[in-house]
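Analysis of the macromolecular model
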Amino acid sequence: QLQLVESGGGSVQAGGSLRLSCEATGPTFDYYAIGWFRQVPGKERERISCNTNFRDSADLADSVKGRFTTSTETTGNYKNKLHLQMNNLTSDDTATYYCAAVFCYSQNLCREYVCPEGFDAYTYRGQGTQVAVSS
């Protein structure tokens with residue numbers, strides 16, 4: 001069973017940067033689609049990115065394009081960390097950030113996989129890490 005743990009949250013001033021990490025234990029990310037989500041109290045959880053290992057780039061939400069990027073980290077032969085680099089942060093980025101994973105079965109299917117928008121569609125979910133951006 002995949003377990004996901006987020007880290008890297010904290011407080012930063014507007015214009016600053018943070019790097020969040022999502023680490024998998026158990027199976028690796030190899031045949032999973034990994035989404036980053038964020039939620040502000042009282043608002044719906046927003047999917048801001050989705051990666052699979054067999055695509056050249058992540059799907060990014062318009063709200064973070066040009067400021068956020070993702071990258072994977074490999075331990076041994078397996079990819080087991082997904083980083084979310086967040087630059088030029090604004091107060092609108094203040095939220096709790098979550099990563100979540102859903103199995104996409106094979107290289108070909110993962111390459112073509114349409115990432116679900118809803119957090120509940122992902123089988124495995126982390127507990128979240130908080131980001132606070134002060135203006």
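Structure report, in brief.

Let's shift gears to the overall build of the chain. If you tally the helices and strands in the chain, you get one helix and eleven strands. N-terminal to C-terminal, the α/β element order of the chain is β-β-β-β-β-β-β-β-β-α-β-β. The C-alpha radius of gyration computed for the chain amounts to 14 Å, which stays within 12% of the reference 14 Å derived for 135 residues, consistent with globular compactness. With the principal axes as the frame, the chain shows a C-alpha extent of 45 × 30 × 25 Å. When each of the 135 residues of the chain is scored for burial, the buried share is 44%. Long-range pairs, those at least 24 residues apart, make up 63% of the contacts in the chain between residues at least 6 apart in sequence. When the accessible area of the chain is evaluated, it comes to approximately 7,200 Å², of which 43% is carbon and sulfur surface.

Within the secondary structure, Q39 sits in strand β4 (residues 32-39). Q39 gets classed as partly exposed once you look at its relative accessible area, which sits at 23%. Setting aside residues no more than four positions away along its own chain, Q39 makes contact with E44, R45, A95, T96 and Y98. A polar side-chain atom of Q39 sits 3.4 Å from a polar atom in the side chain of R45.

The next point concerns the environment of E6. If you trace the backbone, E6 turns up in strand β1 (residues 3-7). For E6 and A24, which are 18 residues apart along the polypeptide, the C-alpha to C-alpha distance reads 9.1 Å. E6 has contacts with S21, C22, W36, Y97, Y98, C99, G126, Q127, G128 and T129, leaving out every residue within four places of it along the chain. For E6, the side chain forms a polar contact with the main-chain nitrogen of Q127, separated by 3.1 Å. Reaching out from E6, the side chain makes a polar contact with the backbone nitrogen of G128 at a distance of 2.8 Å.

Here N88, not a glycine, exhibits a phi torsion of approximately 50°, which is positive. Mapped onto the elements of the fold, N88 is located in the loop between β8 (78-86) and β9 (95-103). On the basis of relative accessibility, which here comes to 46%, the residue N88 falls in the partly exposed class. At Y105, a residue that is not glycine, the phi angle is positive and equals roughly 80°.

This next bit is on the state of the cysteines. A complete count under the given rule lists three disulfides for this structure. For the chain, numbering the cysteines in disulfides from first to last along the sequence yields the connectivity 1-3, 2-6, 4-5.

Moving on, we get to a nonpolar patch on the surface. Taken together, the side chains of Y31, F103, Y105 and L109 make up a nonpolar region of the molecular surface, amounting to roughly 430 Å² of accessible area. When you line up the elements, Y105 lands in the loop between β9 and α1 (107-112).

Here we come to the packing of aromatic side chains. Using the criterion set out here, one finds seven aromatic pairs in the structure. With a centroid separation of 5.1 Å and an interplanar angle of 80°, the aromatic rings of F37 and Y122 are classed as edge-to-face. Of this pair, F37 sits in strand β4 while Y122 sits in the loop between α1 and β10 (124-125), and the two are 85 residues apart along the sequence. Y122 matches F37 in its accessibility class, with the two residues each being buried.

About the cut-offs
- Residues numbered from 1 in each chain as written.
- Predicted model: local features only at pLDDT ≥ 70, side-chain atom pairs only at ≥ 80, totals over all residues.
- Heavy atoms only, no water.
- Helix = DSSP H or I, 4+ residues; strand = E, 2+ residues; numbered from the N terminus.
- Rg over C-alpha atoms; globule rule 2.2 N^0.38 Å.
- Buried < 20%, exposed > 50% of the residue type's maximum accessible area, 1.4 Å probe, protein only.
- Contact = heavy atoms within 4.5 Å.
- Areas by Shrake-Rupley, 256 points an atom, 1.4 Å probe, with all protein chains shown as cover.
- Polar contact = N/O pair within 3.5 Å; in protein donor to acceptor, adjacent residues only side chain to side chain.
- Disulfide = S-S within 2.5 Å.
- Patch = residues over 30% accessible without salt bridge, like charges linked within 9 Å, V, L, I, M, F, W, Y side chains within 5 Å.
- Salt bridge = Lys/Arg side-chain N within 4 Å of Asp/Glu carboxyl O.
- Phe/Tyr/Trp six-rings, centres within 6.5 Å; stacked < 30°, edge-to-face > 60°.

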